[in-house]
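# Examining the three-dimensional arrangement
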Amino acid sequence: MVDHLGVLILLLAVIAVTTLWLGVLVARPRTDVPAGGAGGGESKEPQAESVARAPVSLAFLGTLLLFVIWQALALLLVFWALAFAHVGFAVVASLLLPVLVGVGYALRRGVL
Amino acid sequence: MVSLGRTGPLLVRASPIWAVSAVFLAFAVIPWTGEYLFGDSSLSVLPARLDWGLLFAVMMLSLSGLVRVLADVSSGDPAVVVTGGRRAARLVASGMALWLALLPMLLIFQTLWLSGMVAQQDSVLWLKVSGLSIALPAWGILFNPPAALVFLLAAMAHSGLSPFTVNAPEEELAGGRIAREPATGSASLALADGLKSLLIAALVSLLFFGGWSLPWLPQSVLEAFLVSHLGSGLGSVLCLMVQFTVFALKVAIVLRVQRVLARALSRVRFEPMLNLCWKLLLPAALIDSLSTALILRWLAGNLA
């Protein structure tokens, strides 16, 4: 476990930073959608058109990039699985269980 | 809007050839046969021997999709940028499930070397059921059937193969692939799709169906039999041809399964596809990985 402490700390740091960044981006109120929502018969189509054609912000692209980083983080699980014979079940479970609990929590909250 | 200057059109034009090149590169690490001895030298149909071949092949599969995202985002057309975003969402959702579906098999095989995985499956597994001994080929699918299903579905979704062609109608709305791309680009993308399908079939065969190994007949037994009857050179060549044919047949069967899935299911819409990846395949792969680790630990404890 001690041998892999550095990887674990790095992993936690990257996840923490990316999650915070994503949280800030998601929590920011949207200013590009008019306050009326999707209601209103006559103005419905032009409004949908304007949202679809809205300029893409750097924050949107940054969010996309974050998800790609998350996918790259999944790669780290591959090396933990490969080291299973050496590190044992407890170490592999210490990484897989929090992810499983997190996915379960996200499913329960309906955010996925 | 993010402006990429002259880089944008360059990325759009180069993306089809990058997409097809990435999949071609992945085939470099796919072993089509085992290794055979011809006197002092050995021969195998494997362009590049890479110890982390599985990692490379799946990364190239992802890269082939990512260059399309890059092209869409840098196209300068907001509608196409939105398509790129949706394509990225599909890639990430299915990519997570794809990588996690590999974990149980990595826990079992403890290697990323594709030939090594097949070598571990090239044996016979004896099971005792109520006093009766049954011999089964030691293929990966027998150790972990759910992983095979999750891997196949996630890989098809990741590659945007039918029925997961969610981005196709969006491309049609934005002018269509043929209208947007020159003929060579469109042909390259079609070729990339076909190659992705073949690559997925090859990976499924190698991971779950024993690759080139004949069921109940390990390579060592077959090669020894042929060499003793036909001599060293001819026996090894015949063994190579038999095992190459076996692998090609397995790949053809998995390709057929993909075609059947594509024809049996209607095109999956964007939200149901994301739901499938995030809410079904991802948790299933995680639970499968943990249960595999638990079973392996229990087996290690009992067999020690």
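Residues numbered from 1 in each chain as written. Chains lettered and ligands numbered in written order. Predicted model: local features only at pLDDT ≥ 70, side-chain atom pairs only at ≥ 80, totals over all residues. Heavy atoms only, no water.

### Observations regarding helix α4 (residues 114–121) of chain B
Residues and elements named next belong to chain B.
- Burial analysis of α4 places six of its eight residues in the buried class, which makes it a mostly covered element.
- Listed as buried for α4 are Leu-114, Ser-115, Gly-116, Met-117, Val-118 and Gln-121.
- Looking at the packing, one finds that the buried side of α4 touches α2 (53–73), α3 (78–109), α5 (140–143) and α9 (183–208). (Buried < 20%, exposed > 50% of the residue type's maximum accessible area, 1.4 Å probe, protein only. Helix = DSSP H or I, 4+ residues; strand = E, 2+ residues; numbered from the N terminus. Contact = heavy atoms within 4.5 Å.)

### Things to note about the packing of aromatic side chains
Residues and elements named next belong to chain B.
- Inspection of every chain in the model, using the stated rule, returns five aromatic pairs over all chains.
- Judged by centre distance (6.0 Å) and plane angle (50°), the ring pair of Phe-151 and Phe-208 falls under tilted. Taken together, the positions of Phe-151 in helix α6 (residues 145–159) and Phe-208 in helix α9 put the pair 57 residues apart, joining distant regions of the chain. Each of the two residues, Phe-151 as well as Phe-208, counts as buried.
- The rings of Trp-32, Phe-244 and Phe-247 are connected pair by pair, giving a single aromatic cluster. (Phe/Tyr/Trp six-rings, centres within 6.5 Å; stacked < 30°, edge-to-face > 60°.)

### Notes on the nonpolar core
Residues and elements named next belong to chain B.
- Within the largest apolar cluster, 94 residues are counted, with the highest numbers of intra-cluster contacts made by Ile-30, Leu-54, Phe-151 and Leu-203.
- At 14 residues, the largest contribution of residues to this core is made by α3.
- Setting aside residues up to four positions removed in sequence, Leu-203 forms contacts with Ile-30, Leu-54, Ala-57, Val-58, Leu-114 and Phe-151. (Core = buried A, V, L, I, M, F, W, Y, C linked by side-chain atoms within 4.5 Å.)

Function cannot be read off these values alone, since they describe shape.
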